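# Inside the fold
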Amino acid sequence: MQLTLAAVSAVGGTALARFQPDVAQPAVAQAAPGQPASPAGGSTPATAHTRLYLPFGAGGEADGSARNFIAAAARASAGLSFETVYLTAESGAVASRAVRAASADGGALLLGRVGSIAILPALSRHSAVPSSEFTALAVLDQSPLICAVRAGSAIQSMGQLQAAIAAAPGRLRYGTAGAGSLQNLAVRYLLSLSGLPGDAARPVHFSQGTQVTQALLDGEVDFSCNNARSIVPQVRSGALRGLMTTAQGRLRALPRLHNAAELGLRDMQQLQGWSALLGPPGMPPAVVARWRTLLDQVAQDAEWQAGTEALHAVPRIRAVPDPAQFLRQQAQFYERLVTLLGAQP
């Protein structure tokens, strides 16, 4: 089985929404588009109005991270408002191109995800926009994957899953959020690290991670390596059995769950979901500085931290001091992975 461009270029749409927190705001001086507002209080401003492009659909797991950030940014800067643009065409590549072509004044930003910023450029070099063509402002959060089976499965551990796949190649089915998704690449990499061919387990593709988890609960697939936000509640309820996480350490929500390094699969830890705030190329240093000052305030916001942890993600604004380097490393990793797995751009 090979990943093709046609498989990852899902047709999407566009939706616009104005987001302003339902709280009283202090008076602000009017500012020209793309210029900083001047709050009456002590908040640090970014821009008075920002169009935030989102390469995913409203209401999904990634949207939770976006809304959490928007609320925190608005709290940190009096008068700041966001116009959110859900632009999912070409697996998010259209949103990336829109921000790349935008003015560098900071009035248009992209909330990029691993799929659109790191994986898609590795699979589709001609239509996707690589992370190197943006101004990297911050990595906001990072969320590990959890490999799981139904609670009633005979498979009790990651070793048993690997053995079951090897004993009957092509029999076990796993759920993904699409042929070019993180979930699909994670299982294919797991098979490779286990010395198994890419078709040793059969993918069943869905459009969202929540659908993957539901399919696992319903018995439509036998296992999945899916986003922690979708899996943790089901493991806690006893409906699913967690086998492994790609987190760097133990998960606070599931402290007994082994991580990949503990099971001899350390390279799997590079497969995690993340959100990054990106701007157009060539943003002036003063504009970058204003946004990074605001982002530092977001990082200290207790509500943002709690909201991130509620999504079973880890706050990363301060933990990744050089977001451009992080994005380069992720881009290089997925380029190598796509080559290793035989994916075709």
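Structure shown above.
Residues numbered from 1 in each chain as written. Predicted model: local features only at pLDDT ≥ 70, side-chain atom pairs only at ≥ 80, totals over all residues. Heavy atoms only, no water.

### A few points about the packing of aromatic side chains
Threshold: For Phe, Tyr and Trp, where Trp contributes only its six-membered ring, two rings pair if their centres lie within 6.5 Å, and the inter-plane angle classes them as stacked under 30 degrees, edge-to-face over 60, or tilted in between. Secondary structure elements follow DSSP: runs of H or I no shorter than four residues count as helices, runs of E no shorter than two count as strands, and numbering proceeds from the N terminus. Burial here depends on accessible area, computed with a 1.4 Å probe over protein chains only, as a share of the maximum for the residue type. Under 20% is buried, over 50% is exposed, and the range in between is partly exposed.
Counting across every chain of the model gives five aromatic pairs. Geometrically, the ring pair formed by phenylalanine 69 and phenylalanine 82 is edge-to-face, given 6.1 Å between the ring centres and 70° between the ring planes. Taken as a pair, phenylalanine 69 in helix α2 (residues 61–76) and phenylalanine 82 in strand β5 (residues 81–87) lie far apart in primary sequence, 13 residues in all. Overall, phenylalanine 82 belongs to the buried group, its relative accessible area being 0%. Judged by centre distance (5.6 Å) and plane angle (75°), the rings of tryptophan 274 and phenylalanine 326 are edge-to-face. Separated by 52 residues along the polypeptide, tryptophan 274 in strand β12 (residues 272–279) and phenylalanine 326 in helix α11 (residues 323–341) bring together distant segments of the chain. Neither tryptophan 274 nor phenylalanine 326 differs from the other in exposure class; each is buried. In this structure an aromatic cluster arises from ring pairing among Tyr189, Phe333 and Tyr334.

### Observations concerning the pattern of salt bridges
We apply this condition: The term salt bridge refers to a side-chain nitrogen of Lys or Arg lying within 4 Å of a carboxyl oxygen of Asp or Glu.
A complete count under the given rule lists 10 salt bridges for this structure. With its nearest N and O atoms 3.0 Å apart, the salt bridge here joins arginine 51 to glutamate 83. Taken as a pair, arginine 51 in strand β4 (residues 49–54) and glutamate 83 in strand β5 lie far apart in primary sequence, 32 residues in all. The exposure class assigned to arginine 51 is partly exposed, which follows from its relative accessible area of 30%. Classification of glutamate 83 by relative accessible area gives buried; the value is 13%. The shortest N-O distance in the salt bridge between glutamate 309 and arginine 252 comes to 3.6 Å. Remark: arginine 252 occurs in the loop between β11 (240–245) and β12 and glutamate 309 occurs in helix α10 (residues 302–310); sequence separation between them is 57 residues. Classification of arginine 252 by relative accessible area gives exposed; the value is 73%. Here the residues in one salt-bridge network are Arg75, Asp301 and Glu303, joined through shared partners.

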